[in-house]
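Report on the structure
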Amino acid sequence: MNTWANIKTIAKRELGAYFSSPLAFVFIVIFLLLCGFFTFMVGGFFERGEASLTRSFFDWHPWFYLFLVPAVGMRLWAEERRVGTLELLLTMPITTWQAIVGKFLASWLFLGLALVLTFPIVMTVNYLGSPDNGVILSGYIGSWLMAGAYLAVSCITSAMTRTQVVSFIVSVVVCLFLILAGFPPVVRFLEGWASPWLVDVVTSFSVITHFEGFQKGVLDSRDVVFFLSLIGFSLFSTSVILRGHRAG
Amino acid sequence: MIKVDNLTKLFGAKRAVDGISFTVERGEVLGFLGPNGAGKSTTMRVITGFIPPTSGCVSVGGFDMVEKPIAGKRLIGYLPENAPAYTDMTVSGFLGFAAEIRGLRGEAKRKAVTRAVEMCFLQSVLHQSVETLSKGYRHRTCFAQSIIHDPEVLVLDEPTDGLDPNQKHEIRSLIRRMGEKKAIIFSTHILEEVDAVCSRAIIIDRGRIVANGTPQELRQRSDWAGAVTLRVSGLTAEAVKEKLSQLRTAKKVQAETHGTRITATVFPRTPGDQDLTREVLEATRSWQVEELHTEAGRLDEVFRSITLPDTAKGEAQ
């Protein structure tokens, strides 16, 4: 009860921080523009002539998130450390976990909001044809989980440094690995020389592999577990790093 | 309320705090003095549970800060060094957040914010963003945050740093008033503050306590404690010096000529010796003494004599 109240207070403050600066609006506008541009211009939404968002819309998400999510997550801890408010936050009667979860949830909700604002695309496809809305919904769920995984990775890198730029760059690199591990050209290259089990291990770390199912409308518990465990592990690492700083 | 027992904190190989023990009871205001890098902030960070001790233990209100940090933190109000605050919030938003995280809701929260705002004179900037505040206001905003839940224990790291003389005065009298009912520990570089506010002072140097006592007791350790300064006319400096040097309890005499007057200071053999004043009075009965007073001792001098030799040694190594 108390735990939840503390998490809510932290999350509320964090969400307020996004919207008190232009960052939130810039982020949302850029995300929506990218979605629109890639879906209709590059993704060939109209040319495909199919009532689906799988290829034209969701295929781009891992790449959008590569740059946009680290931009959202980079300030989470780096800014607290730079300004010194970390000391204030962690001497308040809350646990480190409550702070970590509160901050993470706030950013994740914010990403969810950006995602929800792409609804005109769903309306468009429903207007033009009769898509399977269940598949679209599962795509959205998968996309949100994937964003959460990226975000959790950004939490780690943000806790490691007091410079937002460093946090951004490092988390882009890590997230890039998470994409490339399952990116078809890379997988084909791997299959050329590596043994099949190694290819399996590498691709199992990829967000693309796990996002694939969601895009097709398959809610596989293994995929859900993958994203949730990646989030859990990353947040745990964040707490270890924060504790490490304080232990000196 | 605050109990620090044999606290040691290492940063790598560096001993930031080295076996410190002290207690602060309710109704006490403890001044924490020491040169830069002596370990003041580190000690305060351990007390508030921000960093864990390497060894030793710290408890606040009976709660061990390692075993039961949340219960301890509830009792503490903390003003960190440099008074950090969320720059993207307004003053009222920030204080509201601080109140909420302390478990205050609704009417209780509103009252707490109003009270803290009044005590810290923040009415005029209530809806301004923290980012746009001047240093003094930002400092007071963070101070307001620390007293928002009317804590039993206050830990203040340089609470008057960066304030103008009026604001310093306000904050000092606030600390003194609150010190009647709370246990307060605050660090400072300003020695006059110790006199103005503290009931007890601790001087630490390179991680160790080198002096612990009331401001009066500390002052007694000064060469100036019990020294007698007098101003006479109609005599030469040499004559004054000679006469006063012969006193039984006098250690040395300084005399300077200002026009027709001589200003002389007699230092006692043992600091704080009350006999010296009487002796000086007797010896100068026939002189034209315009002014005579006994020095209470100087804290800055005690501070320097305790901390300086060690610092110099450290630099030499």
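Residues numbered from 1 in each chain as written. Chains lettered and ligands numbered in written order. Predicted model: local features only at pLDDT ≥ 70, side-chain atom pairs only at ≥ 80, totals over all residues. Heavy atoms only, no water.

Considerations on the overall build of chain B
A tally of helices and strands in chain B yields eleven helices and 14 strands. The principal-axis extents of the C-alpha atoms in chain B amount to approximately 75 × 45 × 35 Å. For chain B, buried positions account for 51% of its 317 residues. Counting contacts in chain B only where the partners sit at least 6 residues apart, residues at least 24 apart contribute 68% of the total. When the accessible surface of chain B is split by element, carbon and sulfur atoms take 48% of a total near 14400 Å². (Helix = DSSP H or I, 4+ residues; strand = E, 2+ residues; numbered from the N terminus. Buried < 20%, exposed > 50% of the residue type's maximum accessible area, 1.4 Å probe, protein only. Contact = heavy atoms within 4.5 Å. Areas by Shrake-Rupley, 256 points an atom, 1.4 Å probe, with all protein chains shown as cover.)

Focus on the interface of chain A and chain B
Chain A puts 27 residues into the contact, and the matching count from chain B is 28 residues. Taking both sides of the interface into account, the surface hidden between chain A and chain B amounts to around 2500 Å²; carbon and sulfur atoms contribute 61%. For the chain A face of the interface with chain B, the top three residues by lost area are Arg 13, Glu 87 and Pro 93 of chain A, together amounting to 27%. At the junction of chain A with chain B, the criterion picks out three salt bridges. (Buried area = accessible area lost by both parts, 1.4 Å probe. Salt bridge = Lys/Arg side-chain N within 4 Å of Asp/Glu carboxyl O.)

What to know about the domain arrangement of chain B
Split by domain assignment, chain B resolves into domain 1 (2–220) and domain 2 (228–297). On a C-alpha basis, the centroid separation for the pair domain 1 of chain B and domain 2 of chain B is 44 Å. (Domains from an automatic or database assignment.)

As for the sheet that holds strand β2 (residues 14–24) of chain B
Read across the open sheet, the four strands follow the order β2-β1-β4-β5 (chain B); overall the sheet is antiparallel. The open sheet terminates on both sides in strands that have one partner only, identified here as β2 and β5 (63–64) of chain B. (Pairing = 2+ DSSP bridges.)

A look at the sheet that holds strand β11 (residues 228–233) of chain B
Residues and elements named next belong to chain B. Strands sit in the order β12-β13-β11-β14 across an open sheet of four strands; the sheet is antiparallel. The open sheet has two edge strands with one neighbour each: β12 (250–258) and β14 (288–294). For this sheet, the mean inter-axis angle between neighbouring strands, taken without regard to orientation, is 15°. As paired elements, β11 and β14 share six bridges and run antiparallel to each other. Pairing of Val 232 across the sheet is with Val 289, part of β14. (Axes fitted to C-alpha atoms, helices over the stretch in contact; angles between N-to-C directions.)

Regarding the packing of aromatic side chains
The full count for this structure, using the stated rule, is 27 aromatic pairs over all chains. Clustering of aromatic rings is evident, with ring pairs tying together Tyr 18, Phe 19, Phe 25, Phe 27, Phe 31, Phe 37, Phe 38, Trp 60, Phe 64, Tyr 65, Phe 110 and Tyr 150 of chain A. (Phe/Tyr/Trp six-rings, centres within 6.5 Å; stacked < 30°, edge-to-face > 60°.)

Brief notes about the state of the cysteines
All names here are of chain B. Taken as a whole, this structure holds zero disulfides over all chains when the rule is applied. Considering cysteine sulfurs only, Cys 120 is the nearest to Cys 142, which forms no disulfide, with 10 Å between them. Take Cys 142: its relative accessible area is 0%, and that puts it in the buried class. (Disulfide = S-S within 2.5 Å.)

Re the nonpolar core
Counting residues in each nonpolar core, the largest one holds 141 residues, and the members touching the most others are Trp 77 of chain A together with Phe 22 and Phe 143 of chain B. Ranked by residue count, the leading element in this core is helix α9 (residues 133–160) of chain A, at 13 residues. Once residues lying within four places of it in the same chain are set aside, the contact partners of Phe 22 of chain B are Ile 2, Lys 3, Val 4, Leu 30, Phe 32, Thr 43, Ile 47, Ile 185, Ile 202 and Ile 209 of chain B. One finds Val 240, Leu 247, Val 280 and Trp 287 of chain B within the second-largest nonpolar core, a separate group that totals 16 residues. (Core = buried A, V, L, I, M, F, W, Y, C linked by side-chain atoms within 4.5 Å.)

With respect to the side chain of Asn 6 of chain A
If you trace the backbone, Asn 6 of chain A turns up in helix α1 (residues 2–20). One polar contact links Asn 6 of chain A to Gln 98 of chain A, side chain to side chain, over a distance of 3.0 Å. What Asn 6 of chain A contacts, discounting residues up to four positions off in sequence, is Pro 93, Ile 94 and Gln 98 of chain A together with Ile 101 of chain B. (Polar contact = N/O pair within 3.5 Å; in protein donor to acceptor, adjacent residues only side chain to side chain.)

Things to note about helix α10 (residues 164–180) of chain A
In an α-helix, one turn spans 3.6 residues; hence positions three or four apart end up facing the same way. All names here are of chain A. Taking 1.5 Å of rise per residue, the 17 residues of α10 would be expected to cover 24 Å, and the 24 Å separating its terminal C-alpha atoms lies within 8% of that figure. Listed as buried for α10 are Ser 167, Ser 171, Val 172, Cys 175, Leu 178 and Ile 179. Along the axis of α10, the buried residues cluster in a sector spanning 130°; they form a single face. Among the exposed residues of α10, those oriented more than 90 degrees off its buried face are Val 165 and Val 173. In this structure, the buried side of α10 is in contact with α4 (61–73), α9, α13 (207–216) and α14 (221–247). (Expected span 1.5 Å × (residues − 1). Arc of directions from axis to C-beta.)

Notes on the packing of α9 of chain A against α13 of chain A
All names here are of chain A. The contact between α9 and α13 brings their axes to 6 Å, and the two run at 155°. As summarised for this structure, α9 and α13 are arranged roughly antiparallel, according to the angle between their axes. Where α9 crosses over α13, the two elements pack in a sense that is right-handed. In contact with Val 135, Ser 138, Gly 139, Ile 141, Gly 142, Ser 143, Leu 145, Met 146 and Tyr 150 of α9, α13 contributes Val 207, Phe 211, Phe 214, Gln 215 and Lys 216. The residue makeup of the contact of α9 with α13, split by class, is eight nonpolar, five polar and one charged. (Parallel < 35°, antiparallel > 145°, perpendicular 65-115°, else oblique. Left-handed = near helix turned anticlockwise from the far one by under 90°. Nonpolar A, V, L, I, M, F, W, Y, C, P; charged D, E, K, R; others polar.)

With respect to helix α10 (residues 275–283) of chain B
Residues and elements named next belong to chain B. All of the buried residues along α10 are Leu 276, Thr 277, Glu 279, Val 280 and Ala 283. The buried residues of α10 occupy an angular sector of 165° when the element is viewed end-on, so they sit on one face. Buried-residue contacts for α10 involve β11, α9 (237–245), β12, β13 (261–268) and β14.

Quick notes on the side chain of Gln 145 of chain B
Along the chain, Gln 145 of chain B turns up in helix α5 (residues 135–146). In this view, Gln 145 of chain B contacts Leu 88 and Met 92 of chain A together with Tyr 78, Phe 94, Leu 95 and Ala 98 of chain B; residues no more than four positions away in its chain are not counted.

Some remarks on the pairing of strand β1 (residues 2–11) of chain B
All names here are of chain B. In this sheet, strand β4 (residues 55–60) lies alongside β1 in antiparallel orientation, the contact comprising five bridges. Bridge assignment links Lys 3 to a residue of β4, and that residue is Ser 59. Looking at chain direction, β1 and β2 are connected through eight bridges and run antiparallel. Bridge pairing in β2 links Lys 3 to Thr 23. Connecting β1 to the antiparallel partner β2 that follows it, the hairpin turn spans two residues, and Gly 12 within it adopts a positive phi of roughly 65°.

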